[in-house]
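Structural features, examined
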Amino acid sequence: MSGKKPIFLLIHFLIRFLFQHADSKFHDQEQAVLLRLKQHWQNPLSLEHWTPSNTSHCTWPEVVCTNNYITQLILDNKNISGTIPPFLSHLKNLTFLNFYNNNIVGKIPVALYNLSKLEILDLSQNCVVGTIPDGIDRLARLSCLKLHANNLSGDIPAAIGRIPELRTLYLNDNLFNGTFPPEIGNLSKLEQLYMARNGFLPSKLPSNFTQLKKLKMLWIAGANLIGEIPQMIGEMVALEHLNLSENELTGNIPGSLFMLMNLRLLYLYINKLSGEIPQVVEALNLTFVDLSQNNLTGTIPVDFGKLDKLSGLNLFFNQLSGEIPESIGRLPALKFFSVFSNNLSGSIPPDLGRYSALETFEVASNRLTGNLPEYLCHGGSLRGVVAFDNKLGGELPKSLENCSRLRTVRILNNAFFGNIPVGLWTASNLQQLMISDNSFTGELPNEVSTSLLRLEMSNNRFSGSITIEGDSWRNLVVFNASNNLFTGAIPQELTTLRNLTVLLLDKNQLNGELPSDIMSWKSLNILNLSQNQLSGQIPEKFGFLPGLVTLDLSDNQFSGKIPPQLGSLRLPFLNLSSNHLMGQIPTEYENVAYATSFLNNPGLCTRRSSLYLKVCNSRPQKPSKTSTQFLALILSSLIAAFLFASLFAFITIRVHRKINHILDPEWKFIHFHMLNFTESDIFSGLKERNLIGSGGSGQVYRVAANGFGSVAVKRISNHRNSDQKLEKEFLAEIEILGTLRHLNIVKLLCCISNDNSKLLVYEYMENHSLDQWLHSEKKAKGSSASMNHVALDWSKRLQIAVGAAQGLCYLHHDCSPPIVHRDVKSSNILLDSHFNAKIADFGLARMLVKQGELATVSAVAGSLGYMAPGKAANYGDEDTCLAKWAWRHMQEEKPIVDVLDEEIKEPCCVDEMGVVFKLGVFCTSILPSERPNMKEILQILLGRNPRWVCGRKNMRHAEHASTPLLNSSKSERLAESDGSLASCNG
Ligand SMILES: *[C@@H]1O[C@H](CO)[C@@H](O)[C@H](O)[C@H]1NC(C)=O
Ligand SMILES: *[C@@H]1O[C@H](CO)[C@@H](O)[C@H](O)[C@H]1NC(C)=O
């Protein structure tokens, strides 16, 4: 026995050796593929541990082997940049390939289809371009295909319908611009189908899709669907989530939809659906129904009252009529209820809020009557009551007291009466209390919520004095108490609110003198105290309110002189009419623009007869001066007459010194900042030698201005008489811009205009505009600017990009309403002495010059401005658009390093430059929806989002065009719909 054993063992080892040898040959080959992959991607840090060694690659965390063959390659979130190389297909035994969330660029290689054992393929959240190549059905075992959040385009091939095992198919958030095949309806095992947010050619929802009996998730929002929802949709019995929102669907909502017992989410918002909502509802598992922003008519189904799991019901912006079923008020899970902007009538279900933790209640703009439900805040979760524009009445419910999460109460324009419950004033999170246009009575409370930002209570019957004690009012921004019965004086305390921008106390019975010491109205823009019985002098301190734009003190008993300091404000709107003011009006207002500002003050006078005021008879003053003034007056009217008669001539003659000290009444002045210089300083500076630039829209002069060093004056001439509407728009725009205050927006100091010519006076920027720095070589060789060209190194360029982005971000996201620049380009980005970027010229010139004359505005203007640093790149062909060229460069998968300007290329920053380059390319996508928004851009530029890959990241999913009044229902529905995007559990 013992003699045979060694031989047996020997044979055993020999056999094992031979097999192992074959095995290890394969094994080495597979490792070589991995190492080649690593090299192909330029050795990403995340794969540092992939090194040739004796230990098997099967131990690497990204690799899973079965019998020593690689079967899974899990490379999600690895910061891999580059293409998928065809040699990847040498890993023949792969069943699971995951590239989720990297920087994969280029096309899907056809060689990938050689991986015939592949069951899961995940390329999502990358920058893959091109089409899905033909022959995808060669991946016959595929059960999960995730291609979402890339830049794929073209058609979705019909072959996709011939992958019989497919359970999960994610194609959403790409640039598909062709068609999708009805053959998808043949995928009998399909459970999840996501095709949302693509630019498909307008297509119907194929009736084939209703054969998908296993489909749980159907998500084709924002995909250009037209036509009707197939009646047979009720046959998709497994359906749990249906999202067809943001399409152009027409026709009725099929009744069978509300019979689907598994249906939980139903989103059909923003379509053109019409007719009635099906009245029979058996889909008792529904948790969220959103049919908002359609053309639905008829009544809200009583059966909705059976939906015990319903947490959200959005029906706003439709034409629904009739009453809100009472049973809805008793739904135990209801949190979000939005039915505003319909024709609903009758009373609101009295139990609403009693049996559920109601968070939003939005019933505004209907014809509802009766009271607000007594128990609205019973659950303590209520965040908003939005019920304006109805016929509601009665007193406010007591449950609104001590409603600690309440932020917004907007019940304007109803017939409410009685007092505001004490506890509502002080609700700890209350930010907006808007109760105007009702019949409320009572007095202002001593204390309000310190969160309160906006108090609008005009057109009620509040009375008593305006008492503001303690500092609970300190955060107030808007206070509108017009047209009430308030009495007493305006208290000093009111002038201590440092955030106040709007104060309207007109049409009350206030009396006494104004507080002479205004403590901190630094931010006040609008002050209206008209139609009271206020008396005494206008306080001098008014002249020192830097932000004041509108001042209305008309219809009071003010007396004495107008403080001359008020003149320096040059308020765009001023009304001091119907008082007892005396003396000469400030010279700055001696202008027809203020013709109605001083009416009905018998004691006021002016030196100019053109105003509707008597001419000052200033004999007691200096008689010698009178004659010169009189002379000047005649002279000026003569000039005016002359100019009027020869308008055309006037335009061609340079604005001249002759109008140095007496300005033609046709000139209007609008000032936005405290200025020490005068118009004549500006006019006298418009000389040839001060010219610093000229272009299609006008000339720019550098003018020395008292107190400001220099200012830049942009002169825009429109050579035809601009029509009235254009003129008005221009002035309206000017007023908005004059009030903008941001570090990265050039200050518009004032505007001087008449019918033919506009002078925009800006702060002067030492370093001129960005384009002069970027393109100076081409323009003027040898000029000082070109010498400085190199001085604009990468860090400065990035700083400029960040600054410009901050300015635009402010305009887009922080301004209300948002402001769109329309013409961002490097010549409109100015640089101060420290190279801080300031955005200038808000398309004002473009508004003026008529469309046909826009010849000089480059076709690639617009969003190219974001790309300033991207212009670090060399130019491609002289004539092709830079954005197109850059896009093509990326599509051709050429390394970004190649395009960086050698002069500024610094080894440290090549990655950073690459990110900005890509950002620039995405910012100039042809489809606006593909472009990141300014907030995202800023985050990326600030390096706070280095993992940014494409224009389409998950965060963009959070956007939704509809804006419920409280912005909450939206987050609710998105939370639910994104939950299912997580994994491939087919
Ligand atoms: C891997 O592929 C090879 C050749 O294609 C095959 O012989 C082997 O059985 C496969 N191994 C596994 C575990 O599937
Ligand atoms: C779809 O997009 C691609 C890539 O942007 C483009 O080349 C193609 O012409 C587009 N096709 C259609 C039908 O618009």
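Small disclaimer: the values here were computed from a predicted structure and weren't measured.

**Section: the overall build of the protein chain**
Looking only at helices and strands, the protein chain features 17 helices and 53 strands. In the protein chain, buried positions account for 43% of the 986 residues. Pairs at least 24 residues apart make up 49% of the contacts formed inside the protein chain by residues separated by at least 6 positions.

**Some details on helix 11 (residues 794–814)**
Its 21 residues give helix 11 an end-to-end C-alpha distance of 29 Å, which sits within 8% of 30 Å, the value for a rise of 1.5 Å per residue. The buried fraction of helix 11 amounts to 15 of the 21 residues, a majority that puts the element mostly inside the structure.

**What about the site of ligand 1?**
Lining the immediate surroundings of ligand 1 are Thr66, Asn67, Tyr69, Lys92 and Asn93. When grouped by side-chain class, the residues that make up the shell around ligand 1 number one nonpolar, three polar and one charged.

**A closer look at helix 15 (residues 934–941)**
Taking burial as the measure, the eight residues of helix 15 include six buried ones, the bulk of the element. Listed as buried for helix 15 are Met934, Glu936, Ile937, Leu938, Ile940 and Leu941.

**Digging into the sheet that holds strand 31 (residues 439–440)**
Taken in spatial order, the three strands line up as 27-29-31 in an open sheet, and their pairing is parallel. In the strand order of this sheet, the two ends are held by strand 27 (393–394) and strand 31, each with one partner. Here two bridges tie strand 29 (residues 415–418) to strand 31, and the two strands are oriented parallel to one another. In the sheet register, phenylalanine 417 faces strand 31, and the bridge partner there is serine 439.

**Re the sheet that holds strand 33 (residues 463–465)**
An order of 33-35-37-39-41-43-44-45 is seen for the eight strands of this open sheet, with the pairing classed as parallel. The sheet is open, and its two borders are formed by strand 33 and strand 45 (614–615), each paired with just one other strand. The pairing of strand 41 (residues 557–561) with strand 43 (residues 580–584) spans three bridges and is classified as parallel. Bridged to serine 559 within strand 43 is histidine 580.

**Concerning the nonpolar core**
The biggest cluster of nonpolar side chains holds 228 residues, and the ones touching the most others in it are Leu193, Ile220, Leu376, Ala387 and Ala805. Ranked by residue count, the leading element in this core is helix 11, at 11 residues. If near-sequence neighbours (up to four positions away) are discounted, isoleucine 220 is found in contact with Met195, Ala196, Leu225 and Leu244. Listed in part, the 19 residues of the second largest apolar core include Tyr701, Val711, Ala712 and Tyr764.

**Notes on the site of ligand 2**
Around ligand 2, the neighbouring residues are Ser153, Gly154, Asn177 and Gly178. Across the shell around ligand 2, the residue classes break down as no nonpolar, four polar and no charged.

**Describing the packing of helix 11 against helix 15**
Geometry of a packed helix pair, given as the angle between the helix axes and the separation of the axes. As a packed pair, helix 11 and helix 15 sit with axes 9 Å apart at the nearest point and diverge in direction by 155 degrees. One element, helix 11, and the other, helix 15, form an angle in the roughly antiparallel class. The interaxial crossing formed by helix 11 with helix 15 has left-handed handedness. Listed contacts from helix 15 to Ala801, Val802, Ala805, Gln806, Leu808, Cys809, His812 and His813 of helix 11 are Met934, Lys935, Ile937, Leu938 and Leu941.

**Side note on the environment of glutamate 282**
Residue placement: glutamate 282 occurs in the loop between strand 17 (274–276) and strand 18 (288–290). Sequence separation between glutamate 282 and phenylalanine 304 is 22 residues; the distance between their C-alpha atoms is 9.3 Å. Non-local contacts of glutamate 282, meaning those with residues more than four positions away in its chain, are made with Phe258 and Met259.

**Structural notes on the environment of histidine 580**
Examined against the element boundaries, histidine 580 turns out to sit in strand 43. For histidine 580, a count of 15 C-beta atoms within 10 Å puts it in the partly exposed group. As a C-alpha pair, histidine 580 and asparagine 601 span 21 residues in sequence and 5.3 Å in three-dimensional space. Residue contacts for histidine 580: discarding those within four places in its chain leaves Gln557, Phe558, Ser559, Asn601 and Gly603.

**Re unusual backbone geometry**
Peptide bonds are trans in most cases, and residues, glycine excluded, mostly fall at negative phi. In this structure, asparagine 459 takes a positive phi of about 55 degrees despite not being glycine. Looking at the secondary structure, you find asparagine 459 in the loop between strand 32 (454–456) and strand 33. Judged by C-beta crowding, with 19 C-beta atoms within 10 Å, asparagine 459 ranks as partly exposed.

**A short note on the pairing of strand 37 (residues 509–513)**
Note that strand 35 (residues 485–488) and strand 37 share two bridges and pair parallel. In the strand pairing of strand 37, threonine 487 is matched with glutamine 509.

**Things to note about the pairing of strand 41**
Where strand 39 (residues 533–536) lies against strand 41, two bridges are found, and the strand directions are parallel. Within the sheet, the bridge partner assigned to serine 535 lies in strand 41 and is glutamine 557.

**Some points on the packing of helix 13 (residues 882–891) against helix 14 (residues 910–923)**
Direction vectors running N to C along helix 13 and helix 14 enclose 115 degrees, while the axes themselves pass 9 Å from each other. Crossing angle aside, the handedness with which helix 13 passes helix 14 is left-handed. Packed against helix 13, whose contacting residues are Ala886, Trp887 and Met890, the element helix 14 presents Lys918, Gly920 and Val921 at the interface. Looking at the contact of helix 13 with helix 14 residue by residue, the class counts come to four nonpolar, one polar and one charged.

**Comments concerning the environment of tryptophan 219**
Structurally, tryptophan 219 is set in strand 13 (residues 217–219). Given 24 C-beta atoms within 10 Å, tryptophan 219 falls into the buried group. Measuring from C-alpha to C-alpha, the distance between tryptophan 219 and histidine 241 comes to 7.5 Å, with 22 residues separating the pair along the chain. Those residues in contact with tryptophan 219, other than ones at most four positions away along the chain, are Asn172, Leu193, Tyr194, Ala196, His241 and Asn243.

**A short note on the confidence of the model for the protein chain**
Looking at the protein chain, pLDDT values average 80 and 76% of them are 70 or higher. Note that pLDDT drops below 50 for residues 620–665; the model gives that stretch 32 contacts with residues more than four away or on any other chain.

What counts, and at which threshold
- Residues numbered from 1 in each chain as written.
- Chains lettered and ligands numbered in written order.
- Predicted model: local features only at pLDDT ≥ 70, side-chain atom pairs only at ≥ 80, totals over all residues.
- Helix = DSSP H or I, 4+ residues; strand = E, 2+ residues; numbered from the N terminus.
- Buried ≥ 20, exposed ≤ 12 C-beta atoms within 10 Å, placed from the backbone.
- Contact = placed C-beta atoms within 7 Å.
- Expected span 1.5 Å × (residues − 1).
- Near = placed C-beta within 6 Å.
- Nonpolar A, V, L, I, M, F, W, Y, C, P; charged D, E, K, R; others polar.
- Pairing = 2+ DSSP bridges.
- Core = buried A, V, L, I, M, F, W, Y, C linked by C-beta atoms within 7 Å.
- Axes fitted to C-alpha atoms, helices over the stretch in contact; angles between N-to-C directions.
- Parallel < 35°, antiparallel > 145°, perpendicular 65-115°, else oblique.
- Left-handed = near helix turned anticlockwise from the far one by under 90°.
- pLDDT = per-residue confidence, 0-100.

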